[in-house]
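Listed below are the residues making up each chain.
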Amino acid sequence: MASVADIFETMEYGPAPEAAAPALEWIAAHQPFGLFIGGEWRKPSGGSYADSANPATGKPLARIARASTEDVDAAVKSARRAFEGWSKTPGHVRARYLYAIARQIQKHSRLLAVLESMDNGKTIRETRDIDVPLVARHFYYHAGWAQLMSSELPCMSPVGVVGQIIPWNFPMLMLSWKIAPALAMGNTVVLKPASYTPLTALAFAEICREVGLPPGVVNIVTGDAREAGEALVNHPDVNKIAFTGSTDVGRHIRKATAGTGKRLSLELGGKSPFIVFDDSDLDSVVEGVVDAIWFNQGQVCCAGSRLLVQENIEERLLHKLRARMERLRIGDPLDKAVDIGAIVAPVQLEEIRRLVELGRKEGATLWQPSWACPAEGCFYPPTLLTDVSPASTVAQTEIFGPVLVAMTFRTPAEAIALGNNTRYGLAASLWSENINLALDVASQLKAGTVWINSTNQFDAASGFGGYRESGYGREGGKEGLYEYIRPAWEQLGIRDQEPEISGDGAHQAQAALQNGHSDGHQSKDGGELIPNPQHLTPGLSALPSIDRTPKLFIGGKQVRPDSGYSAFVYGANSSLLGEVGQGNRKDIRNAVEAARAASGWASTTGHNKAQILYYLAENLSVRAQEFARRIIQMTGSAEEEAGREVEASIERLFTYAAWADKYDGAVHRTPSRNVTLAMPEPVGAVALVCPEEYPLLAFVSLVAPAICVGNTVVALPSERHPLSATDFYQVLETSDVLAGVVNIVTGPKETLAKVLAEHDNMDSIWYFGTADGSKTVEYASAGNMKRTWVNYGHSRDWLSKEQGEGREFLREATQVKNIWTPYGE
Ligand code: NDP
């Protein structure tokens, strides 16, 4: 035994174990665990159970029910029944329940922390001091939003029954991120925990009972991904899926839900950069690295797994870092003096070993501390890989373990390029004492969260979520609430009946014939014949001659379609109005390239964007009659109606000119001394697939919000009535719109929409068309996990301000980046 003098000399830690007995007793009292459905514990219908093990010992911990498809169905039915009442429960009453849950979590905090530690392998220090307090905070915070929903989110309704699937790395925290906002906004949920880590979700179920939450508002179904997970994703009565986990499974869920009308939010993987400039406080940096990559054994979606260090300080930093790694303590997660716990499962441990070995084969140099890991259980030492090339597997693949790869850069521009050199975009951490440099770099990193001089900061008040293949949607903050609400007027699900849609020239001609006659056609309210447009617009020039062929508009230039084909455009009275170019895959490629090349548009000022939108409105206004006449020719609208469409288009341009310098972010009130800047940023290059109706207004209603916040667009106009959009490029040409900001490709809309949805260089696609087309777009988007906004075949009233413009459009046009900026010495 060491003497006091020895201890004083070495300052070694003694063991400080947390008692496991209360948690083990709790487990024993509940064995085997059932499913929590309709406020009751139920046996799985198939009678099947699985063992959950403690990764630190390898020993079984609990028997857990495996839900069958029938059990999931029962849970969804129970959530549906509960939705009727819960969605109508006053916000204040929902707030009381969420508050009660938060209180109950605090009362049972130690039990929850120990359970989490034993089930997952993470240290008690983390579960006790980080996870569980944040869980309680999430429920308190969202109790507030339940209270404020009616005043702060007017005209919004809950989405319905939400299926939630969570991973094993933060079992209870992810549960709170999902359940708290869902309940606050009046939804009911069916949650499937990860197979490795079900225990705290089951303890949470008990808390729901304790606070008297109405039965069915929360249902917890444990079980396998392949049965329970798939059953939840595919259930026809689920209105939304919220998923956190691997990008591959996220992609699979995107495809599985495509076209079903289910809303989807995805929080996926990452390979986040940790950028260190040479003026940083290196001792703080070292502690930052510890928190970035050794927190939770590196099993963190936003782990700072790529250390990018300025070349001139590399040696100094790595020297300090190795010294710190040598002092990290690995071992029993229930020991309060342990820094690094166990990896969640043997298969995960194997995967970490495989990737590190691959890294070595690809040329990396490995460094690990001199001490050995415990022989029993799933442990992996903190690991540093240097001599890593940016394209190597370990620099690109999410290892999800305590493995840091280090690379160097020379200039800020290089740091940004390296930082963004990933298909992910979840988070980034950057270190510099120069606030100008830090904010400049933060604004250029493609990541949903940027921490300045800090890392892995989380709070309910700040949104969290990804750019690019890290997924879409936000959790936390006001921005996270929109995942669980919808405009009250918006219909859910898919539209059963397809609206009529044009296919080829013959179909167009037929449609035109059906819609109108040479001397007029039926009005919408029936019967009344509208005279031929020529008679309505006396004094205006005659119809354009049919040999005039509008071209495509790409990169600010009118270009002929690559195919060399044109399609006839027929008017409402079946007369031939002209021809438009038939765009093809190659034209789309050119348009995407042009949109990408115009990305500088994002950094022009809001004032400039507003000026250009006003200018567009002004130039459209000058040609209002001509545009109205075109609408009449194409659609057979009454003169008054066409005039209204043009006026509404001008007004819409004014609306977004107004928004261009006003769609602000927020400063979130996160605890601790920092400002968390929630900045809406453009999504990037956005594809716009316009509906068939309102050929001018719908086109303007999509283009204007997208560009007013800095996106560039590739627009596919109405296929049947494309000429308003092709006329519009003349307005674009005369209004100082930068080349490539708006690109217009006419042609077979559905085919081109699919090409755009598949294109890896597009960041988002908005589709307004058929239910089938919506499905195609959602499915095809899974390649690079681009964002989608589709209408499932429902039409909207483009003339109405409620449905045709406003914040819903601006939210789709932006993604929120949260920049955490600490202050104080
Ligand atoms: P998964 O993405 O497979 O699992 C996450 C959750 O999804 C679990 O509840 C899982 O259930 C469920 N699930 C899996 N497949 C389906 C499906 N087809 N339909 C419905 N639900 C499904 O992560 P893994 O646990 O397999 O981890 C693999 C890798 O994923 C890690 O190495 C890491 O790189 C990454 N990962 C990223 C996370 C993040 O936060 N970004 C979190 C976890 C993992 P079940 O547990 O029953 O398999």
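Bear in mind that the values here come from a model prediction, so they are computed numbers and not experimental data.

About the criteria used
- Residues numbered from 1 in each chain as written.
- Predicted model: local features only at pLDDT ≥ 70, side-chain atom pairs only at ≥ 80, totals over all residues.
- Heavy atoms only, no water.
- Helix = DSSP H or I, 4+ residues; strand = E, 2+ residues; numbered from the N terminus.
- Expected span 1.5 Å × (residues − 1).
- Buried < 20%, exposed > 50% of the residue type's maximum accessible area, 1.4 Å probe, protein only.
- Salt bridge = Lys/Arg side-chain N within 4 Å of Asp/Glu carboxyl O.
- Near = heavy atom within 4 Å.
- Polar contact = N/O pair within 3.5 Å; in protein donor to acceptor, adjacent residues only side chain to side chain.
- Areas by Shrake-Rupley, 256 points an atom, 1.4 Å probe, with all protein chains shown as cover.
- Nonpolar A, V, L, I, M, F, W, Y, C, P; charged D, E, K, R; others polar.
- Patch = residues over 30% accessible without salt bridge, like charges linked within 9 Å, V, L, I, M, F, W, Y side chains within 5 Å.
- Lys, Arg positive; Asp, Glu negative; His and termini not counted.
- Charge placed at Lys NZ, Arg CZ, Asp CG, Glu CD.
- Pairing = 2+ DSSP bridges.
- Right-handed = clockwise from strand over helix to strand, strands pointing away.
- Contact = heavy atoms within 4.5 Å.

Asker: Help me out: how do you make sense of helix α8 (residues 199-210) in this one?
Answerer: Each α-helix turn comprises 3.6 residues. Residues three or four places apart therefore point the same way. Given a rise of 1.5 Å per residue, 12 residues ought to cover 16 Å, and the 17 Å separating the end C-alpha atoms of α8 matches this to within 8%. Within α8, 10 of the 12 residues are buried, which leaves the element mostly enclosed by the surrounding structure. Listing the buried residues of α8 in full gives Leu199, Thr200, Ala201, Leu202, Ala203, Phe204, Ala205, Glu206, Ile207 and Cys208. After α8 finishes, the residue Gly212 shows a positive phi value of roughly 75°.

Asker: Would you take a moment to explain the pattern of salt bridges for this structure?
Answerer: Opposite charge on two side chains lets them pair, provided their charged atoms get close. On inspection of all chains with the given rule, the structure shows 36 salt bridges. Between Glu18 and Arg110 there is a salt bridge whose closest N-O contact spans 2.8 Å. On the criterion of sequence distance, the pair formed by Glu18 in the loop between α1 (4-10) and α2 (21-30) and Arg110 in helix α5 (residues 109-120) is long-range, its members being 92 residues apart. With relative accessibility at 12%, the residue Glu18 sits in the buried group. Looking at Arg110, the relative accessible area reads 39%, which means it is partly exposed. Where salt bridges share partners, they join Asp248, Arg251, Arg423 and Glu469 into one cluster.

Asker: What should I look at first to understand the site of the ligand in this one?
Answerer: As a structural note, the neighbourhood of the ligand is formed by 27 residues, with Ile166, Trp168, Ser195, Glu230 and Ser246 the closest of them. The separation between an oxygen atom of the ligand and a polar side-chain atom of Lys192 is 3.0 Å. Here Glu398 contributes a side-chain N or O atom positioned 3.0 Å from an oxygen atom of the ligand. When the free accessible area of the ligand is taken as 860 Å², the share hidden by the protein chains comes to 84%. For the shell around the ligand, the secondary structure elements donating two or more residues are α9 (225-234), β9 (240-244) and α10 (247-257). A per-element tally of the shell around the ligand places α9 first, with four residues. In terms of residue class, the shell around the ligand is built from 13 nonpolar, 10 polar and four charged.

Asker: Explain a negative patch on the surface to me, please; I cannot follow it from the model alone.
Answerer: Where like charges cluster on the molecular surface, the negative patch consists of Asp278, Asp279, Asp281, Glu433 and Glu825. Secondary-structure assignment places Glu433 in the loop between β16 (427-431) and α16 (435-444). We classify Glu433 as exposed; its relative accessible area is 54%.

Asker: Would you explain the pairing of β9 in this entry?
Answerer: For a regular strand, side-chain orientation follows a simple rule: the groups alternate between the two sheet faces. Among the five residues of β9, five are classified as buried, and the element is accordingly described as predominantly covered. Burial along β9 is two-sided: Lys240, Ala242 and Thr244 facing one way and Ile241 and Phe243 facing the other are all buried. Two elements, β9 and strand β10 (residues 263-267), share five bridges in a ladder whose sense is parallel. Bridge pairing in β10 links Thr244 to Glu267. With α10 bridging β9 and its parallel neighbour β10, the resulting β-α-β unit is right-handed.

Asker: Sorry if this is basic, but what is going on with the side chain of Arg652 here?
Answerer: In this fold, Arg652 is placed in helix α23 (residues 639-660). Within polar-contact distance, the side chain of Arg652 engages the backbone oxygen of Ser800 at 3.5 Å. Ignoring any residue separated from it by four or fewer positions in sequence, one finds Arg652 in contact with Leu697, Val700, Ser701, Trp798, Leu799, Ser800, Lys801, Gly804 and Glu805.

The quantities given are spatial measurements derived from coordinates; they are silent on function.
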